[in-house]
Amino acid sequence: MQRAFVHRISQGLVTALAMFIGSQAALADTRTINTLYGEVTVEGQPERVVTLYEGALDSAIAVGVQPIGAVITRGGQHVAGYIQEAAGDIAIVGAPAETNFEAVLALQPDLILATRQTSKEQFELLSQMAPTIVLDVPLFQQDSWQRELKGFARALGREDRADEVIEEVAQRAAEVREKVIAAIPEDQRDTALVRWMPQGPLVMSENLFTATVLASAGFEVEDSDLVKEGRPHSQPLSLENLSLMDQSWVFLATLNEDGREALEAARQSPAFQRLKANVNNQVIPVDGHLWTSASGPLAAMAILDDIEDALPQQP
Amino acid sequence: MFQLVVRHRNLAAQLGLVVALTLAAVASLIFGTVAVPLDSLMDALAGQGNAIHRFVIHELRLPRVIAGALAGAAFALAGCLMQTVARNRLATPGIIGIDNAATAFAVASVVGTGISVAPPAMALLGAAVATALAFGLAGANGTRGYRFIIAGLGIGAIAGAITQVMLSRVAIDSANAAFPWTVGSLNARSTTAVITLAFGLVIGWVTALLLGRSLNTLQFSDPVAINLGTRLTRVRALSLACAVLLTGLAVAVAGPVGMVALLAPELARTLCRAGKVPLTASALAGAVFMVTADMAGRLVLAPLELPVGLITAIVGAPYLIWILVKPTSRSLT
Amino acid sequence: MNDHAVANPLASSALVPPLTVAVFFVVAAVFASLLWGAGPIGPADALKALIGQGSEEARFVIMELRLPRTAIAVVTGLALAVAGALLQALTRNPLAEPGLLGVSGGSAFAVTLAVMLGASSATLTTVVAQVGALAGCSLVMLATRSRGLATDPVRLVLAGATVTGLLLSLTSVLMLADQRAADEIRFWITGSIAGTPFSHLKAVLPSLAVAGVLVVMVAAPLAAMSLGERAALGLGHKPGRIRLLVLVAVALLVGGATALAGPLVFAGLVVPFIARAIGGPDIRKTLWLCLPIGPTLLLVADTLARIIGAPAELPLGVITALLGAPVLLYIVRSGRMPTL
C-alpha cells in the first residue's frame, strides 16, 4: 500500500517536473512564508532541501521533493523505517536535539526545513546557510500536520500539491474507515494509544498526530483526560491505574524494531494481563518510530496500512 | 607587584600551555565535516577565500572554539580556587552542587515549566542560589572546611533529584531538548552568554591573581597563613565568590561539563613549580582540555556529534580512578 | 535475615524497648503501603480485600501490585540500611553511604551496560549489579588508603561523590548511544520499585541470605575494631579479613538493592544515623535497629511516591534524596562528624 502511494507520488513528481520545466520561464516565483521568527522569503523551486524534522522530511517527499539531508529518527540510527525507501540515499546531518551544522552546510542547501523547537541562535545560524523555515504551527493539535504540510509545501513551491496530498490521505482514510465500520461494532471502537515503559505506560494524547489518523479511520481515541494540554503524552501511569487505559483496542508502540518484544514485556505484568483489550487479543504492537515520533502524510498512509492489517479478517 | 616575577619553570609551563592551546584551536578550526586546509584557514580568518570556508570558520567553528576555551578556563580557574580554599583537590564546584543547581534551573526553563527566562540566565541564578544555600546551611563559619562542602553536596543531591523529576515527567522530546543542558554541549550556544563569560573571566582572573600571594599561604595551616599576614576570611570569601561567578557563567555557556575543574588544575600543578597556586596555568590547561574534548566530540561519531561533557567524562574517568587508588597519592591532601 | 547471633547479651536487654517501638512502626508502614496507592482503591476497600472480601479489582490491586512492592521495599530498605551501617563502621565515618560513596553508582552503571548489551534476566541483572557494587566498594577502599582519606570523613565522601558524578556521566554516555535502552533505564536510574516483578525479588534473595550470614560473622569483630585495630588483634580478629568480608557483604547488599530498586541515595545514610541516635555507637545495636528502621523508611518513601504524584508516580529515589539531604545537612550542622 505504502509503496503504491510512493509510486503515485513519484508519478506526480514527474508530472510536476514536466509542468515546472514547461513553465519555468514564466516563473519568477517568490514566496513569503510566515514563520516563528518572522517572514522568510523563498525564491523559485528549491532543489537542495535539508530537513531537520521528521514531519518536514515526510511532507517534502509527499509533495514530490527529494530532500538531500535529514536528521535520524529519535532513538534510531537512520531516518524512520517507513520512509527509508522513499528517502533513498539521504545524508544524515545529526540527531533531533544535536544538529551538525557543518554537515548541513556541506550539503549546500537552498532551503532548510526545521523543527519548531529550533532555538533563535540555531535559526540565525541556519538562515545564513539557506532560507530556514521554522513553522509557527502549534504541536499536538488536530490539524497540525495539515498546516505543517501546507507551510512546508509553500516554501517548497508546491502549495497546490499539498491539497491534493491531503485529499489522497482523506480518501485512503475513508477507505479504511469503511472497513473498520464493517469489522467492528460501534460500541467497540474505543482505543488507547500507549507507549509501554517498564515502569508503566505513557498514554498518548488524543490530539497526537497518530491519534488523529486513528480517529479519521473510525476509531475513538481516548486519553481519559490524562494528558495535559499541549503535551504529547501522559506521565507514566501507575500500574494501579491501568484501568484508565482499558479500551477495547490498545495500540502499543515501542522503539524496538520488533514491537512484539514490548508486548511480551507488557504481558509479564499482571496488571496488563487483566486489560480487556489483552483478553480479547486486541492489543496491537506497532512501530514507535512511525506511531509516536513521525508525522506527515506519508506517515498517515503507513499508519492507515497498519490499521487495515490489524482489523479482524472478514469472512 | 603580583606574580609578575614568575620563576622560569612557571613561565615555561604557561608558555607551553599557550602553545598547546593555539595548536588545539587551530586543529579545531581545521578538522570537521567540512575540511578546511591550513592555507584556506588563513584566508578565511582574514575574511577572504572560499565563502563556505569563511562561513564554517567565522560562524561555526571560531565561536565554538572561543566558547570552549573561555568556558574551560572558567571551570578550571574556579576549580583551582575552590580546591585551594578547601585544601582539597576533590573539592570542585561541580561536586558541591553548583553545577547541579545551575542545571536544574536551566532545565526548568527548557522543559517548559512556565518559566520563560533564558536558560543561561537561569543557570547563573541556580549557581548563586546553591551557593547562598550552602553558605546559609553550613552555619557561621561557612567558608571554612567541610561544612560548606557537605552542605553543597546535599544541595547538589536535591537539585539533581529535582532535575530527574522534571525530565521524567515531561514529554520525551522536551527531555531530549534538555539533554545538552544535562551533560554539557557547545553546539550553537548563546552569544550573549559567551560575551558575559568573557567579562566574568577577566574579572575572576584578575581577582584571583590579586589574591595570588594569599592563596599561596593557604597551602599551609591556618595559623601559619595568619602569621604570614593573610586575612583568611576575606581571602576565602573572595575566592569562593569568584569560583561561583565563573562556574555559573561557564555553565550558562556550556552546561555542566564535568571533570575540567578537577583535571585542569591537576595538570597545571604537575607542570608548575610546587609552592605556588597555578592560577593562570590552570585556566590555560582548562581551555586546552575543553577545546580538545569538543573537537573529539565532533569527530568521533561524525556526522553525529557527542556533547563535550561526555568526552571530558570519558577522558577523566581513568585519571580520576588513578589518583584515587594511587596509595602514595599526595593529590588528596 | 538470620541475625540472632549478632545479639550481644549485654546490648540486647537495653534494646528491647526501642526495638519493640521500631517493629511497631514497620508494621504500621507495611499497612500504610498496602492501604494507600496511586489508584482508586482506598484504605477501606483495601482492608476488605486483605481479609479476602471486596471487589475482584481491589483484591487484584492489593495482592498483585501493592503486596509485591511492599515486600520489595522491605527487602531493599533492610539491605541498604545494613550496608550503610557496615560501611560507616568500617570507615568510621558517619557520612559513608553506598549512594554517596559510588557503590550504588558502580552498580547502576554495570546494569546499564548489561541492559544495553541485551541482558534481561533477573538473575543476570542481580549478579551484574553486585559485581558493579563490588568494583565501587573496592575503589572506595583503595581510595581510603590514600593519605588523608582514612582520617578525614569529608575527604572520603568527596572522593565518593566525584566517583558517583563520573559514573553518572558515563551512564549518560551509554544512554546517548542507545536510546531504546535509555527509555528502559531512564525511570529505573532514579530509583523506583513500581513494577519490579516478584521474580526479581526471588533472584535477589539467595545472595542477600549469604550477605546476612556474612553480617552475622563480622558484627562482633567490627565492634572490636571500633576500639582500635590493636584491640581487635588482641581479641584474635584479623582486620584484613574482616574488611574483605564486610566489603563482600556490602557489595551483595547494595547490588541486590540496586537490582531491585535502582540506585537509591541517602537511605543508607539516614537509617544508621537514626539507629545510632537511638542505640548509641555500638555496631551490633545499630545493626539490630537498622532491621526495622530501614524497611520503615523505604515503605514511607514509597507510599509518599505513590500518593504525591497520583495518578502517576514519583520515582522513589527522588523521595529518598529529598528526605535524606536534610539529614545530611543536619549531621553537618550538629557537628557530629568525626564521632565514629
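Residues numbered from 1 in each chain as written. Chains lettered and ligands numbered in written order. Predicted model: local features only at pLDDT ≥ 70, side-chain atom pairs only at ≥ 80, totals over all residues.

Considerations on the overall build of chain A
Inference 1: Broken down by element type, chain A carries 13 helices and twelve strands.
Inference 2: A burial count over chain A gives 58% of its 315 residues as buried.
Inference 3: Residue pairs in contact within chain A that sit at least 24 positions apart in sequence constitute 65% of those at least 6 positions apart. (Helix = DSSP H or I, 4+ residues; strand = E, 2+ residues; numbered from the N terminus. Buried ≥ 20, exposed ≤ 12 C-beta atoms within 10 Å, placed from the backbone. Contact = placed C-beta atoms within 7 Å.)

So, the overall build of chain B
Inference 1: Within chain B, the secondary structure is distributed over 13 helices and zero strands.
Inference 2: Secondary structure of chain B in N-to-C order comes out as α-α-α-α-α-α-α-α-α-α-α-α-α.
Inference 3: A fraction of 75% describes how many contacts in chain B between residues 6 or more apart in sequence connect residues 24 or more apart.

Comments concerning the sheet that holds strand E4 (residues 69-70) of chain A
Residues and elements named next belong to chain A.
Inference 1: Taken together, five strands build an open sheet; the order of strands is E5-E4-E3-E6-E7 and the sheet is parallel. Every other strand in the sheet has two partners, leaving strand E5 (91-92) and strand E7 (132-134) as the edge strands with one partner each.
Inference 2: By the bridge criterion, three bridges tie strand E3 (residues 49-51) to strand E6 (residues 111-114) in an arrangement that is parallel. Within the sheet, the bridge partner assigned to Val50 lies in E6 and is Ile112.
Inference 3: Packed onto the sheet, helix H5 (residues 120-129) meets E6 and E7 and runs at close to 145° relative to E7. (Pairing = 2+ DSSP bridges. Axes fitted to C-alpha atoms, helices over the stretch in contact; angles between N-to-C directions.)

A look at the packing of helix H2 (residues 43-50) of chain C against helix H3 (residues 56-91) of chain C
Residues and elements named next belong to chain C.
Inference 1: Following both chains from N to C, one finds H2 and H3 inclined at 80°, their axes separated by 9 Å at the closest point. Viewed along their axes, H2 and H3 adopt a mutual orientation that is roughly perpendicular. Along its contact with H2, which presents Asp45, Ala46, Lys48, Ala49 and Leu50, the element H3 presents Ala58, Arg59 and Ile62.
Inference 2: Among the residues making up the contact of H2 with H3, the classes are represented as five nonpolar, no polar and three charged. (Parallel < 35°, antiparallel > 145°, perpendicular 65-115°, else oblique. Nonpolar A, V, L, I, M, F, W, Y, C, P; charged D, E, K, R; others polar.)

Observations regarding the nonpolar core
Inference 1: If you look at the biggest cluster of nonpolar residues, it comprises 339 residues, and the most contacted ones within it are A:Leu113, A:Val194, B:Ala74 and C:Val250.
Inference 2: With 20 residues, the single largest contributor to this core is helix H3 (residues 51-86) of chain B.
Inference 3: Two domains each donate at least three residues to this core, and these are domain 1 (2-164) and domain 2 (185-310) of chain A.
Inference 4: Contacts of A:Val194, omitting those with residues within four sequence positions, involve A:Pro201, A:Leu202, A:Val203, A:Met204, A:Met245, A:Val250, A:Phe251, A:Leu252 and A:Ala253. (Core = buried A, V, L, I, M, F, W, Y, C linked by C-beta atoms within 7 Å. Domains from an automatic or database assignment.)

Examining the packing of helix H1 (residues 8-30) of chain B against H3(B)
Residues and elements named next belong to chain B.
Inference 1: Relative orientation of the contacting elements H1 and H3 amounts to 150°, with a least axis distance of 10 Å. If you check the angle between H1 and H3, you find them roughly antiparallel. Seen from above, H1 lies across H3 with right-handed handedness. Where H1 abuts H3, its residues Leu21, Ala25, Ser28 and Leu29 lie against Ile57, Arg61, Leu62, Val65 and Ala69. (Left-handed = near helix turned anticlockwise from the far one by under 90°.)

Quick notes on the environment of A:Ile68
Residues and elements named next belong to chain A.
Inference 1: Tracing the backbone through its elements, the reader meets Ile68 in the loop between helix H2 (54-62) and E4.
Inference 2: Ile68 gets classed as buried once you count the C-beta atoms within 10 Å, which come to 20.
Inference 3: Residues Ile68 and Thr41, 27 residues apart in the sequence, show an inter-C-alpha distance of 21 Å.

Side note on unusual backbone geometry
Inference 1: For A:Gln108, which is not a glycine, the phi torsion comes out positive at approximately 50°.
Inference 2: Position of A:Gln108 among the secondary structure elements: in the loop between helix H4 (101-106) and E6.

A look at the domain arrangement of chain A
Residues and elements named next belong to chain A.
Inference 1: Here chain A is described as being made up of domain 1 (2-164) and domain 2 (185-310).
Inference 2: With 23 residues of domain 1 in contact, the opposing surface of domain 2 contributes 22 residues.
Inference 3: Elements that contribute at least two residues to the side of domain 1 that touches domain 2 include exactly helix H1 (2-23), H2, helix H3 (81-87) and helix H6 (144-155).
Inference 4: A total of six residues in the side of domain 1 that touches domain 2 trace back to one element, the largest contributor, which is H2.
Inference 5: Tallied by class, the residues present in the side of domain 1 that touches domain 2 amount to ten nonpolar, ten polar and three charged.

A word on the confidence of the model for chain A
Inference 1: Mean pLDDT for chain A: 81, with 83% of residues reaching 70 or above.
Inference 2: Of the regions scoring below 50 in pLDDT, residues 20-26 of chain A engages in one contact with residues more than four places distant in sequence or in other chains. (pLDDT = per-residue confidence, 0-100.)

Some thoughts on the pairing of strand E11 (residues 249-254) of chain A
Residue and element names in this part refer to chain A.
Inference 1: For E11, a buried count of six out of six residues is recorded, marking the element as mostly surrounded by other parts of the structure.
Inference 2: Burial along E11 is two-sided: the residues Trp249, Phe251 and Ala253 and Val250, Leu252 and Thr254 are all buried.
Inference 3: As paired elements, E11 and strand E12 (residues 283-287) share five bridges and run parallel to each other. From the neighbouring strand, Ala253 faces E12, where its bridge partner is Val286.

Things to note about the environment of C:Val23
Residue and element names in this part refer to chain C.
Inference 1: Considering the arrangement of structural elements, one finds Val23 in helix H1 (residues 9-35).
Inference 2: On the basis of neighbour counts, which here come to 14 C-beta atoms within 10 Å, the residue Val23 falls in the partly exposed class.
Inference 3: In this structure, the C-alpha to C-alpha distance between Val23 and Ala275, residues 252 residues apart in sequence, is 13 Å.

Some points on the pairing of strand E1 (residues 30-35) of chain A
Residues and elements named next belong to chain A.
Inference 1: By the bridge criterion, six bridges tie E1 to strand E2 (residues 38-43) in an arrangement that is antiparallel. Residue pairing in the sheet places Thr32 in a bridge with Thr41 of E2.
Inference 2: Counting the residues between successive antiparallel strands, the hairpin from E1 to E2 contains two residues.

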